[in-house]
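# What the coordinates show
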Amino acid sequence: MQGRHFLHIPGPSPIPDRILRAIAMPIIDHRSAEFAALGKTVLEGSKAVFKTKQPVVIYPSSGTGAWEAAIVNTLSPGDTVLMAETGHFATLWKNIATRFGIEVEFIPGDWRRGADPAAIEARLAEDKARRIKAVMVVHNETSTGATSRVAEIRKAIDTVGHPALFMVDTISSLASVDYRHDEWQVDVTVSGSQKGLMLPPGLGFNAVSEKALAASKSNTLPRSFWDWEEMIRINAGGFFPYTPATNLLYGLKEALAMLQEEGLDQVFARHNRLASACRAAVRAWGLEVLCENPAEQSPVLTGVLMPPSHDADRFRKIALEKFNISLGSGLGKVAGKVFRIGHLGECNELALLGALSGVEMGLAAAGVPHRSGGVAAAMADLEGAEPGNAAKV
Ligand code: PLP
């Protein structure tokens, strides 16, 4: 296929050339002073993205490893946790907890909205015996394109005065959607490298509160590789307890510099602008955005419902073959019924418009009923948006 591939899945996101060049540097001795300087820079620098002054642990892992780390460092077999069924990724995190002998109360959801703070508050209020040890939610549900209101969930926990730990998956929201680990008193924030951080897959993150560290002193789930204690102790000198992913850390240093240069607020505003334009296109096509609550529609990706009896995967295959664009598939319960347009990471206006052109031509090529004019609607939406103005959305 000729020309540039349009990677518009909701992560991994395209990797900027600056980051690719940084990763291509020669490997260095991970026990050297040169490495320690790099280690300190990325461990300290990552804190700004999580908006925390507390430790950030970086694993050579995918996001799934960081999910597991959050569980094994804080919980014990037989503990009860409260989660919300926002979609496929919330379900996968729940499954991991279950495998470790955790009892998960899973508030059912229809995959068309974020976690409901009122439902969480109601369940915590009933828990007079304070059996629930943690509330665990996915900030940006990548399978649907719904963002949960983390600040409101924090408020729900506080309203009840419930002592549960608060754990949040930001794997597809970090560095794309405003997130405040300290201000929202999140105890463990889980993340990954391959989305808003614009890196290849391969780094997993836990931002850890004092309360979570205290829990890790007495919980009984066994761990070795994921153990925070040894990691944080050795990180103090800029080193890691085992061979780190040195070249990905070069990339992380560059990514953090890029985010700082643009400014996090501008990064978030850009994501909001692009998401609004994408939704304008979907509406103009006469298709439906999967997330029904406008306040929770994701700045990172847009899930689109296919018209009944049209297969999303057939459409995606045709779009890929004819126009060299990769779109996200429907996952789990919505497989075949939904496709997802990623607009995260280094995405900008013209990249989005190119992708939307691919979708519009793909819909026509696949014979999916729709109106034309989605790209024009997105352009009009972008023209009305002040660059850098997050208030538009
Ligand atoms: N959580 C969310 C919200 C995700 O989007 C993903 C991956 O896309 C994961 C967890 C799992 O991360 P990984 O595939 O890096 O293990």
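Computed from a predicted model, the values in this text were never measured in an experiment.

### Overview of the domain arrangement of the protein chain
Here the protein chain is partitioned into domain 1 (17-260) and domain 2 (263-392). On a C-alpha basis, the centres of domain 1 and domain 2 stand 27 Å from each other. The partner domain 2 presents 24 residues to the 23 residues of domain 1 that form the contact. Put simply, the parts of the chain that give the side of domain 1 that touches domain 2 at least two residues each are α4 (88-99) and β7 (146-147).

### Side note on the packing of helix α10 (residues 264-285) against helix α13 (residues 374-384)
Between α10 and α13, whose axes approach to 7 Å, the crossing angle comes to 145°. Like other packed secondary-structure pairs, α10 and α13 cross with a definite hand, here right-handed. Along its contact with α10, which presents R273, S276, A277, C278, A280, A281, V282, R283, A284 and W285, the element α13 presents G374, V375, A377, A378, D381 and L382. Looking at side-chain class alone, the contact of α10 with α13 contains eleven nonpolar, two polar and three charged residues.

### Let's talk about the UniProt feature "domain: Aminotransferase class V" (unreviewed entry) in the protein chain
With numbering aligned to this structure, UniProt lists the feature "domain: Aminotransferase class V" (unreviewed entry) at residues 30-330. Helix makes up 43% of residues 30-330 and strand 17%, whereas the separation of the span's terminal C-alpha atoms amounts to 40 Å.

Thresholds, definitions, all that
- Numbering of residues starts from 1 in every chain and runs along the sequence as written.
- Thresholds applied to this predicted model are a pLDDT of at least 70 for local features of residues and 80 or more for the giving and counting of side-chain atom pairs; totals over whole chains, interfaces and linings are not thresholded and use all residues.
- Source of the domain bounds: an automatic or database domain assignment.
- By the criterion used throughout, residues are in contact when their C-beta atoms, derived from the backbone, lie within 7 Å.
- Each helix is a run of DSSP H or I of at least 4 residues and each strand a run of E of at least 2, with the numbering of both proceeding from the N terminus.
- Axis definition: a line fit to C-alpha positions, over the contact stretch in the case of helices; interaxial angles, taken between N-to-C directions, run 0 to 180 degrees.
- Crossing chirality is assigned from the near helix's rotation relative to the far helix, an anticlockwise turn below a right angle marking it left-handed and a clockwise turn marking it right-handed.
- For this scheme, ten residues count as nonpolar: Ala, Val, Leu, Ile, Met, Phe, Trp, Tyr, Cys and Pro. Four count as charged, namely Asp, Glu, Lys and Arg, and the remainder, Gly too, count as polar.
- UniProt positions are given in the numbering used here, feature names are shortened, and annotations may be inferred rather than shown by experiment.

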